[in-house]
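Close look at the chain arrangement
Take a look at the letters that make up each chain.
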Amino acid sequence: MEARIKTVPPVLKAVAPLMEDGHSHESISRAVSDVVLEMPMPRPWYATISVGLILLSILGISTAILFWEGLGLWGINNPVGWGFAIVNLVWWIGIGHAGTLISAILLLFNQDWRTAINRFAEAMTLFAVMCAGIFPLLHVGRPWAIFFILPYPNTMALWPQFRSPLLWDVFAISTYFTVSLLFWYTGLIPDLATLRDRMPKGIARSIYGFFALGWRGSARHWFRYEMAYILLGGMSAPLVVSVHTIVSFDFAVSVIPGWHTTIFPPYFVAGAIYSGFAMVLTIMIPAREWFGMKDFITLRHLDNMAKVMLATGLVVCYGYGCELFFAWYSGSDYERTMMWYRGFESPFAWVYLCLLLCNLVTPQFLWIKWMRITPIPLFIISIIVNIGMWLERFVIVVTSLRRDYLPSSWGTYTPTIFDWAAYIGSIGLFLTMMCLFVKFLPMISIFELRLQHHLMKRGEIR
Amino acid sequence: MAHQEHHTDEAQVFGLIAEFDEADQLLSAASKAYAAGYRTMDAYSPFPIHGLSEAIGFNKTYVSLFTLIGGLSGTATAIFMQWFASSIHYPYHIGGKPFFSWPSFMPITFELTILFGAFSALGSMLLLNGLPRHHHPVFNAKRFERASNDGFFLCIEQTDVQYDKEKTTAFLQGLNPVEVSEVLD
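Residues numbered from 1 in each chain as written. Chains lettered and ligands numbered in written order. Predicted model: local features only at pLDDT ≥ 70, side-chain atom pairs only at ≥ 80, totals over all residues. Heavy atoms only, no water.

**Some points on unusual backbone geometry**
Cis geometry is found at the peptide bond from N78 of chain A to P79 of chain A, where omega equals 15°. With an omega of -5°, the peptide bond between L131 of chain B and P132 of chain B qualifies as cis. Turning to its location among the elements, P132 of chain B is positioned in the loop between α4 (106–129) and β3 (152–157). Phi is positive for N110 of chain A, which is not a glycine, with a value near 60°. Considering the arrangement of structural elements, one finds N110 of chain A in the loop between α5 (97–108) and α6 (118–139). (Helix = DSSP H or I, 4+ residues; strand = E, 2+ residues; numbered from the N terminus.)

Here it is, written out as structure tokens:
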């Protein structure tokens, strides 16, 4: 284990250290746990959770009306049966990819800079997957019968269709949520023990103590813990890749023009990581300001995340190129016509143009170092990328469905106010959950920061 | 709770604990204690210190074995479920394809493998660690709340064959700790 750490190559010309100087184990524990224990929440936190709760109530009200009246309130129709619900599902699931990527894949590659951001990103993953989960629930139209998608023994002796990508999706997303939750909780156990030990006696302490499971930091426990953690990381890494692959099968396994391509799985996974890192930056840049975490989440972290965004952004651009090339090279009139409509003739041609501006042009600014290490421009870029990735999913879902093989079944799609209400409402759910998370749980993994501090002091990492 | 079986008067004591300020001090103290022949002991630290569990003579986790078994049972469950549903319980023809069309069963098989494996990894880690646990005598130690913050502890337990109050205290004092104290059961 010792040797493994020592083989890390030195960071060449890093823009900032992993952690600012002048910290001790005690000051790390204090800085992170005081947000939970003592610090009055900063004003922007109240503003954010207020916006979150307002949007969440829009979700609640619009969903209640939707259940009462039925799916006709949405703009979906025949042939465009998928509309906003699936656009949002794919968008949120994609966002949810950054967390487990950071915590699992960067763990396996021994990237030290994951330490300060993994907890936050994993929480974001969980909440994004929750937001994603709402949409299929609403979209089935009969949410009270949603359990039909599960393979449970029933009196009708019926089983779900195991050969359908839509059912694979159920398994992929629910497994992803569950495993992400286990991974997140495993990481939290020692930190919950820290909170337990720093709290005055009372109900709150009992609750934190309950979830800390009696953790006492024993060397034997740490040994098994690290083994379990690396195994969870090893299993989560292929899981992350599988989830958006399976989501892309929903499209690629069908025969709709514009969907039936082999580039979809890698292109979706790259897009997911791209949008996920964008969302991590969107919420982490303000959070590190408001909660005084700049010592731990340094410009080095922003720089690295921006680089991952640039790299995955380029893969996404390659995906766009492939889509166009495949449509032309297939020689299929339907593919070519659909692509032509997508770019020039459909009422959504401007959406495709905006998508290219957001996802093709914007990330190129990240070649400039100043853009990567200055929070405000980086924040703006991350927002634009989030919008761009949403538009991408809109283009994929809507422009393909509205023009399939038979002109007699052509149609179009106009989202209604209920589509928009569910969408912004899910953002409200996300904001609310993030605010509650930073209030009640340590937003940075404290024990890993201590380990990082220890290794930095010994000069093993910088 | 092995120590409770020896309930004599002196068994009110759980062990002797030495407190250190630095991780490296704890690591060398643990190695010295092991070299001096102590075996029933444990070290406590606020973060995982590489080599510490080996220093106290503990280097086998069965977590990976349990995880493998758990993961494979997920594989088996998924294949069995899909085979049973599609070939035995509710077979139907789709375009002349075989009932057990295994390639299309792979995504779910993969997901269940990971799901079962993840539960086994966390579950076996907790089970082997004896967690969750309501109380442990080491929490009675002075300033033990530092073990989840910035303190490093080495506790030689009273059940160790070499345990002797005077000699063990002297030994621990020789390791240059902040303080050596008795932990009550």
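**Topic: the domain arrangement of chain B**
Annotation of chain B at the domain level lists domain 1 (14–59 + 139–184) and domain 2 (63–128). The gap between the C-alpha centroids of domain 1 of chain B and domain 2 of chain B is 45 Å. (Domains from an automatic or database assignment.)

**Focus on the sheet that holds β3 of chain B**
All names here are of chain B. Strands sit in the order β2-β3-β1-β4 across an open sheet of four strands; the sheet is antiparallel. Every interior strand has two partners, whereas the edge strands, β2 (41–44) and β4 (179–184), have only one. Neighbour-to-neighbour, the strand axes of the sheet open up by a mean angle of 20°, direction not taken into account. Where β2 meets β3, four bridges bridge the pair, whose relative direction is antiparallel. (Pairing = 2+ DSSP bridges. Axes fitted to C-alpha atoms, helices over the stretch in contact; angles between N-to-C directions.)

**Focus: helix α2 (residues 25–37) of chain A**
Every α-helix carries 3.6 residues per turn, so stepping three or four residues along brings you back to the same face. Helix length check: α2 of chain A (13 residues) gives 17 Å between terminal C-alpha atoms against 18 Å at 1.5 Å per residue, within 8%. Along α2 of chain A, the largest kink reaches about 30° and is centred on A31 of chain A. (Expected span 1.5 Å × (residues − 1). Bend = angle between axes of the 7 residues up to and from the residue.)

**Regarding the packing of aromatic side chains**
Per the stated rule, a full pass over the model turns up 57 aromatic pairs over all chains. Their ring planes at 90° and their centres at 5.5 Å tell us that W82 of chain A and F251 of chain A sit as a pair that is edge-to-face. Within this pair, whereas W82 of chain A is found in the loop between α3 (43–69) and α4 (83–95), its partner F251 of chain A is found in helix α9 (residues 219–252), the two being separated by 169 residues in sequence. Pair check on accessibility: W82 of chain A and F251 of chain A agree, each one buried. With a centroid separation of 5.5 Å and 90° between ring planes, the pair formed by F139 of chain B and F144 of chain B is classed as edge-to-face. For F139 of chain B, a relative accessible area of 25% translates into the label partly exposed. Clustering of aromatic rings is evident, with ring pairs tying together F84, W91, W92, F348, W390, F394, Y413, W420, Y423 and F430 of chain A. Over the ring of Y341 of chain A we find R403 of chain A, and its NZ or CZ is 5.4 Å from the ring centre. Cation over ring: R39 of chain B sits above Y34 of chain B, and NZ or CZ is 3.7 Å from the ring centre. (Phe/Tyr/Trp six-rings, centres within 6.5 Å; stacked < 30°, edge-to-face > 60°. Buried < 20%, exposed > 50% of the residue type's maximum accessible area, 1.4 Å probe, protein only. Lys NZ or Arg CZ within 6 Å of the ring centre and 35° of its normal.)

**Re the interface of chain B and chain A**
Tallying the contact residues gives 67 residues for chain B and 59 residues for chain A. The tally of links from chain B across to chain A stands at three salt bridges. A salt bridge links D24 of chain B to R458 of chain A; its shortest N-O distance comes to 2.8 Å. Taken together, the links from chain B to chain A amount to 27 residue pairs in polar contact (both at pLDDT 80 or more). (Contact = heavy atoms within 4.5 Å. Salt bridge = Lys/Arg side-chain N within 4 Å of Asp/Glu carboxyl O. Polar contact = N/O pair within 3.5 Å; in protein donor to acceptor, adjacent residues only side chain to side chain.)

**Topic: empty space enclosed by the protein**
Across all of its chains, the model carries seven cavities of 30 Å³ or more by this definition. Taken as a whole, the largest cavity encloses approximately 90 Å³ of empty space. Forming the walls of the largest cavity are 12 residues, and the residues nearest its centre are F223 and E226 of chain A together with I49, H50 and S53 of chain B. Residue assignment for the lining of the largest cavity shows that the elements contributing at least two residues are α9 of chain A together with α2 (52–55) of chain B. Across the lining of the largest cavity, the residue classes break down as seven nonpolar, three polar and two charged. (1 Å grid on protein atoms, 1.4 Å probe; cavity = no way out; pocket = protein on both sides within 12 Å on 5 of 7 lines; lining within 4 Å. Points joined across faces, edges and corners; volume = space filled by probe spheres on them. Nonpolar A, V, L, I, M, F, W, Y, C, P; charged D, E, K, R; others polar.)

**A word on the confidence of the model for chain A**
For chain A, per-residue confidence averages 88 on the pLDDT scale, and residues scoring 70 or more make up 97% of the total. Contacts of residues 1–8 of chain A to residues separated by more than four positions or lying in other chains number 13 contacts, the stretch itself having pLDDT below 50. (pLDDT = per-residue confidence, 0-100.)

**Digging into the packing of α4 of chain A against helix α15 (residues 375–401) of chain A**
Residue and element names in this part refer to chain A. Two elements in contact, α4 and α15, have axes whose closest approach is 9 Å; the angle formed by their N-to-C orientations is 135°. The angle between α4 and α15 places the two elements in the oblique class. Handedness of the crossing formed by α4 with α15: right-handed. Where α4 abuts α15, its residues G83, F84, I86, V87, N88, V90, W91, G94 and I95 lie against N386, M389, W390, R393, F394 and V397. (Parallel < 35°, antiparallel > 145°, perpendicular 65-115°, else oblique. Left-handed = near helix turned anticlockwise from the far one by under 90°.)

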